[in-house]
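In case you want the letters, here they are:
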Amino acid sequence: MSSMLAPQADRVMALSEWEDRWQEGRIGFHRPQVNKMLEKNIDKVLNGRTGVRFFFPLCGKAVDMKWLADLGHSVVGVEISEKGIRDFFEENNMTYSVETVASLPGAKVFKSSEKNISLYQCDLFNFSSSIEGQFGAIWDRGSLVAINPRDREKYAALITTLMATDCRYILNTLLYNPELYKGPPFVVPEEQVHILFGSRCSIELLHSVSDMTDRDYRTENVHLLTPKTS
Ligand SMILES: C[S@@+](CC[C@H](N)C(=O)[O-])C[C@H]1O[C@@H](n2cnc3c(N)ncnc32)[C@H](O)[C@@H]1O
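Residues numbered from 1 in each chain as written. Predicted model: local features only at pLDDT ≥ 70, side-chain atom pairs only at ≥ 80, totals over all residues.

An unreviewed UniProt entry lists the protein under the name thiopurine S-methyltransferase, with Gouania willdenowi as the source organism. Looking at the Subcellular location (unreviewed entry) heading of the UniProt record, one finds this comment for the protein: "Cytoplasm". Taken verbatim from the UniProt record of the protein, the Catalytic activity (unreviewed entry) comment is "S-adenosyl-L-methionine + a thiopurine = S-adenosyl-L-homocysteine + a thiopurine S-methylether." (UniProt positions renumbered as here; feature names shortened; annotations may be inferred.)

K.L.:
Residue-level account of the environment of valine 101, with values.
P.N.:
Mapping valine 101 onto the fold places it in the loop between β3 (96-100) and β4 (108-112). Along the chain, valine 101 and isoleucine 131 lie 30 residues apart, while their C-alpha atoms are 8.8 Å from each other. Excluding residues that lie within four positions of it along the chain, valine 101 makes contacts with Ala107, Lys108, Val109, Tyr120 and Ile131. (Helix = DSSP H or I, 4+ residues; strand = E, 2+ residues; numbered from the N terminus. Contact = placed C-beta atoms within 7 Å.)

K.L.:
An account of the site of the ligand is needed here, citing residue identities and associated values.
P.N.:
Taken together, the neighbourhood of the ligand is formed by 21 residues, with Trp18, Leu58, Gly60, Ile80 and Gly142 sitting nearest. Across the shell around the ligand, the residue classes tally to 12 nonpolar, six polar and three charged. (Near = placed C-beta within 6 Å. Nonpolar A, V, L, I, M, F, W, Y, C, P; charged D, E, K, R; others polar.)

K.L.:
Account for the environment of alanine 14, naming residues and giving values.
P.N.:
Here alanine 14 shows up in the loop between α1 (2-5) and α2 (15-24). A C-alpha to C-alpha distance of 9.8 Å links alanine 14 and isoleucine 147, two positions 133 residues apart in sequence.

K.L.:
Requested: an account of the nonpolar core, with residues and values cited.
P.N.:
Note on soluble globular proteins: their nonpolar side chains tend to be buried together. Grouped together as the largest cluster of nonpolar side chains are 48 residues, with contacts concentrated most on Phe54, Phe56, Phe135, Ala137 and Ile138. With six residues, the top contributor of residues to this core is strand β7 (residues 163-176). Those residues in contact with phenylalanine 56, other than ones at most four positions away along the chain, are Ala62, Met65, Val75, Gly77 and Trp139. (Core = buried A, V, L, I, M, F, W, Y, C linked by C-beta atoms within 7 Å. Buried ≥ 20, exposed ≤ 12 C-beta atoms within 10 Å, placed from the backbone.)

K.L.:
Can you lay out the pairing of strand β5 (residues 117-121) for me, pointing to particular residues and giving the numbers?
P.N.:
With respect to burial, β5 is a largely interior element, four of its five residues being buried. Alignment of β4 against β5, held across four bridges, turns out to be antiparallel. Across the sheet, the residue bridging to lysine 111 is serine 118, located in β5. The turn joining β4 and β5, which pair antiparallel and follow one another in sequence, is formed by four residues. (Pairing = 2+ DSSP bridges.)

K.L.:
Can you lay out unusual backbone geometry for me, pointing to particular residues and giving the numbers?
P.N.:
The amide bond that connects glycine 183 to the next residue, proline 184, takes the cis arrangement and shows omega of 0°. One can find proline 184 in the loop between β7 and α8 (190-197). The omega torsion across proline 184 and proline 185 is 0°, close enough to zero to call that bond cis. Inspection of the secondary structure puts proline 185 in the loop between β7 and α8. Here the phi dihedral of asparagine 47 falls at roughly 55°; this positive angle occurs in a residue that is not glycine. Given 13 C-beta atoms within 10 Å, asparagine 47 falls into the partly exposed group. You will see that asparagine 93, though not glycine, has its phi angle at about 55°, which is positive. Tracing the chain through its elements places asparagine 93 in the loop between α5 (82-91) and β3. Judged by C-beta crowding, with 8 C-beta atoms within 10 Å, asparagine 93 ranks as exposed.

As structure tokens, then:
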């Protein structure tokens, strides 16, 4: 595993670099359609439940949030870029309010007027269960793979505190040759998924889809994590 992690281990992307990407339109991670893996696995996530509270760490302007809200679920997201959040509401023709958050100095929360969607503009690592409680589902696409590799333990510790006992957490990770790309997105080996979450969660690999390109291979892994106590 260390040979997979070493090339990217010290890469640090500052929050201001993410904002620059938003301002310059360098957001190749954004997809205009609902994520196929979310659609495919929605029954596994819901597990018979209705009105589930979803958490989207590092939400960007993912259209999946609107899709879930249209299905009657509620969504809380965290995103550092105010532009990303405003674009989400504007591109989906939603009006919204903006409030400060007493318990999170410097943060703002953007709330849809029509749908049950609240997006916090702050560093994810300042967010906690004291702000919005725990969640029944977490959709993690472009999140664990986007945070700086050195922050993964902190990330796993935070995410597991946000999981309610019946939470179903879908975690998307990527594998490719880390010598060829500096990331993000960063490589997260399977073994590390187990090291990060295995003591607190049961982990099922739902899908593993590989592509070959002329230079490299690329594998997308989709996991379902559930708290071990449930
Ligand atoms: C790779 S993008 C993925 C966005 C979204 N999940 C998607 O699938 O389209 C990562 C996003 O996280 C935001 N971000 C990066 N680090 C963050 C942090 N520490 N706290 C909050 N947002 C962060 C970036 O601005 C960017 O929009």
